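Spelled out from the first residue to the last, the chains are:
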Amino acid sequence: MSDEPGNVIPLFKEGPGERIMRDMAEHWEKTYIAAGQSLTNEETATSLRVAVSFMSHLVRGHFETGAITEEQRDSLLWWLGTGTYAADEIPK
C-alpha cells in the first residue's frame, strides 16, 4: 500500500444528509456568485440568514392555517435550513 490520496481511509463517515447539506450549500453559493455576490462576504451571508428566517415564518404560517401538511412543512424547513447552513459554513 502506498501513500497516495486515494488510499486514505476516512476517519469520519459522512451520512447522506451531510452530503446533501454540503451540496446545497455549494448551490446557494453558486446562485449568489451568479448574482455577483458571495457568501464569503458577511453582509451577504447575513442577508441570506434573514431571507431564510422570513421564508421559514411564511412556511410555519401556512402550516398553522392548514395550507400545507406537516410533512410539507418539515421538508420546506429542511431545505430552507440548507441556506442557513450555507451562510454559516461558506464564509469559513
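Scroll up to find the structure this text is about.
Predicted model only: the values in this text are computed from it and were never measured.

K.L.:
Explain the nonpolar core here, please?
P.N.:
Here is a general trend for soluble globular proteins: nonpolar side chains tend to be buried in one another's company. Core analysis: the biggest nonpolar cluster contains twelve residues, these being Ala 25, Trp 28, Tyr 32, Leu 39, Ala 45, Leu 48, Val 52, Val 59, Ile 68, Leu 80, Ala 86 and Ala 87. Put simply, the parts of the chain that give this core at least two residues each are helix H1 (16-34), helix H2 (42-64) and helix H3 (70-89). In terms of residue count, the dominant contributor to this core is H2 (four residues).

K.L.:
How should H3 be read in this particular structure?
P.N.:
Given 3.6 residues per helical turn, the α-helix brings residues three or four places apart onto the same face. Compared with an ideal rise of 1.5 Å per residue, which puts 20 residues at 28 Å, H3 spans 28 Å between its outermost C-alpha atoms and is within 8% of the ideal. Listing the buried residues of H3 in full gives Arg 73, Leu 80, Thr 82, Gly 83, Ala 86 and Ala 87.

K.L.:
So what exactly am I meant to see when it comes to the packing of aromatic side chains here?
P.N.:
Aromatic ring pairs are defined here through the distance separating the ring centres and the angle between the ring planes. Tallying each qualifying case throughout the model produces one aromatic pair. A ring pair is formed by Trp 78 and Trp 79, whose centres lie 4.7 Å apart and whose planes are at 90°; its orientation type is edge-to-face. Given the relative accessible area of 34%, Trp 78 is considered partly exposed. Owing to a relative accessible area of 38%, Trp 79 belongs among the partly exposed residues under this scheme. Positioned over the ring face of Phe 63 is Arg 73, at 4.3 Å from the centre of the ring.

K.L.:
What should I look at first to understand the packing of H2 against H3 in this one?
P.N.:
Describing two packed helices takes the angle between their axes plus the distance from one axis to the other. The N-to-C vectors of H2 and H3 enclose an angle of 170°; their axes lie 9 Å apart at closest approach. Of the possible angle classes, the one that applies to H2 and H3 is roughly antiparallel. Facing H2, whose interface residues are Ala 45, Leu 48, Arg 49, Val 52, Met 55, Ser 56, Val 59, Arg 60 and Phe 63, H3 presents Glu 70, Arg 73, Leu 76, Leu 77, Leu 80, Gly 83, Thr 84, Ala 86, Ala 87 and Asp 88.

K.L.:
Would you explain a nonpolar patch on the surface in this entry?
P.N.:
Together, Ile 20, Trp 78 and Trp 79 line one region of the surface with nonpolar side chains, adding up to about 280 Å² of accessible area. Within the element layout of this structure, Trp 78 appears in helix H3.

K.L.:
Would you mind going over the pattern of salt bridges with me for this structure?
P.N.:
Oppositely charged side chains are able to pair whenever their charged atoms sit close together. According to the stated counting rule, one finds four salt bridges in the structure shown. Where Arg 49 meets Glu 42, a salt bridge forms, and the shortest distance between an N and an O atom there is 3.1 Å. When its relative accessible area of 44% is taken as the criterion, Glu 42 is described as partly exposed. One salt bridge connects Arg 73 with Asp 74, and the closest N-O pair in it is separated by 2.8 Å. The exposure class of Asp 74 is partly exposed, given its relative accessible area of 39%. The network of salt bridges with common partners includes Glu 42, Arg 49 and Asp 88.

What counts, and where the lines are drawn
Residues numbered from 1 in each chain as written. Predicted model: local features only at pLDDT ≥ 70, side-chain atom pairs only at ≥ 80, totals over all residues. Heavy atoms only, no water. Core = buried A, V, L, I, M, F, W, Y, C linked by side-chain atoms within 4.5 Å. Buried < 20%, exposed > 50% of the residue type's maximum accessible area, 1.4 Å probe, protein only. Helix = DSSP H or I, 4+ residues; strand = E, 2+ residues; numbered from the N terminus. Expected span 1.5 Å × (residues − 1). Phe/Tyr/Trp six-rings, centres within 6.5 Å; stacked < 30°, edge-to-face > 60°. Lys NZ or Arg CZ within 6 Å of the ring centre and 35° of its normal. Axes fitted to C-alpha atoms, helices over the stretch in contact; angles between N-to-C directions. Parallel < 35°, antiparallel > 145°, perpendicular 65-115°, else oblique. Contact = heavy atoms within 4.5 Å. Patch = residues over 30% accessible without salt bridge, like charges linked within 9 Å, V, L, I, M, F, W, Y side chains within 5 Å. Areas by Shrake-Rupley, 256 points an atom, 1.4 Å probe, with all protein chains shown as cover. Salt bridge = Lys/Arg side-chain N within 4 Å of Asp/Glu carboxyl O.

Interpretation note: all reported values are geometric properties and have no functional meaning in isolation.
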